[in-house]
Amino acid sequence: MRTKLAAEAGNRKKFQGTFSRLGKKISYTGYSEDTILLVQITDMATGLVVADHVWFSYTKGFEQVRLSEGVRVEFEARVKEYKKGYVNPALGRKRKTSDFKLSHPTRIRLVSEQ
C-alpha cells in the first residue's frame, strides 16, 4: 500500500516522475488503450518518493511532452483511493484491498532529458 499517499487522499498536488515505458491495457468494453509507466514518483512539496511506480492513460497531455525513456516529467494530480484485488463468489474468494493512486494528471511538462 502506498502509505505516503494515504495521508494526502483527496488533495491535488504537484509530482515528478521518470518515464519508463509505454504499455497497453484492455478496457472493460474490450478496446485496447495505451498507457505510460512513470517510476520514482516524488512529491514536489516534501521531496519524498511517494510511490515506486504509477500507470497513467496515454492522454494528449503526455503526448505533447514527447516522452522518451529516462526523461523526468512534472505534473499535478489528485490522490484517490481505489480497490484492487480479486473477487470470485463462486469459489468463495474475496481478496480486495484498498490502495491509493494518482488520477487526472494535468499541467504536464518536461523537467529534464537524459
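Figured I'd write up the structure that's included with this text. (Residues numbered from 1 in each chain as written. Predicted model: local features only at pLDDT ≥ 70, side-chain atom pairs only at ≥ 80, totals over all residues. Heavy atoms only, no water.)

**Focus on the overall build of the chain**
Okay, step 1: Summing up its helical and strand segments, the chain has two helices and five strands in all.
Okay, step 2: When the backbone C-alpha atoms are referred to their principal axes, the chain occupies close to 50 × 35 × 20 Å.
Okay, step 3: Counting the 114 residues in the chain, one finds 33% classified as buried.
Okay, step 4: Across the chain, every contact between residues at least 6 apart in sequence was considered, and the portion connecting residues at least 24 apart equals 59%.
Okay, step 5: As displayed, the chain has an accessible area near 7,400 Å², and 49% of this comes from carbon and sulfur atoms. (Helix = DSSP H or I, 4+ residues; strand = E, 2+ residues; numbered from the N terminus. Buried < 20%, exposed > 50% of the residue type's maximum accessible area, 1.4 Å probe, protein only. Contact = heavy atoms within 4.5 Å. Areas by Shrake-Rupley, 256 points an atom, 1.4 Å probe, with all protein chains shown as cover.)

**Side note on the packing of aromatic side chains**
Okay, step 1: For the structure shown, the criterion picks out three aromatic pairs.
Okay, step 2: Linked through ring pairs, Phe15, Phe56, Phe62 and Phe75 together constitute an aromatic cluster. (Phe/Tyr/Trp six-rings, centres within 6.5 Å; stacked < 30°, edge-to-face > 60°.)

**Regarding the sheet that holds strand β4 (residues 72-88)**
Okay, step 1: In spatial order, the strands read β3-β2-β1-β4-β5; together these five strands make up an open sheet with antiparallel pairing. Bordering the open sheet on either side are β3 (49-57) and β5 (93-112), each of which pairs with just one other strand. The sheet shows a mean angle of 30° between the axes of neighbouring strands, direction not considered.
Okay, step 2: In this sheet, β5 lies alongside β4 in antiparallel orientation, the contact comprising 15 bridges. Pairing of Glu81 across the sheet is with Phe100, part of β5. (Pairing = 2+ DSSP bridges. Axes fitted to C-alpha atoms, helices over the stretch in contact; angles between N-to-C directions.)

**As for the pattern of salt bridges**
Okay, step 1: Following the criterion strictly, the structure yields seven salt bridges and no others.
Okay, step 2: Between Glu74 and Lys14 there is a salt bridge, with its nearest N and O atoms 3.8 Å apart. Placement of the pair is Glu74 in strand β4 and Lys14 in strand β1 (residues 12-26), with a sequence separation of 60 residues.
Okay, step 3: A relative accessible area of 37% means that Lys14 is categorised as partly exposed.
Okay, step 4: Its salt-bridge partner being Lys84, residue Asp99 comes within 3.2 Å of it at the nearest N-O pair. Of this pair, Asp99 sits in strand β5 while Lys84 sits in strand β4, and the two are 15 residues apart along the sequence.
Okay, step 5: Judged by its relative accessible area of 4%, Asp99 falls in the buried class.
Okay, step 6: Within the structure, one salt-bridge network assembled from shared partners comprises Glu8, Lys13 and Asp43. (Salt bridge = Lys/Arg side-chain N within 4 Å of Asp/Glu carboxyl O.)

**Section: the environment of Tyr58**
Okay, step 1: Locating Tyr58 in the fold gives a position in the loop between β3 and α2 (60-65).
Okay, step 2: Under the relative-accessibility criterion, Tyr58 is labelled partly exposed at 24%.
Okay, step 3: Separated by 22 residues in sequence, Tyr58 and Ile36 have C-alpha atoms that sit 5.7 Å apart.

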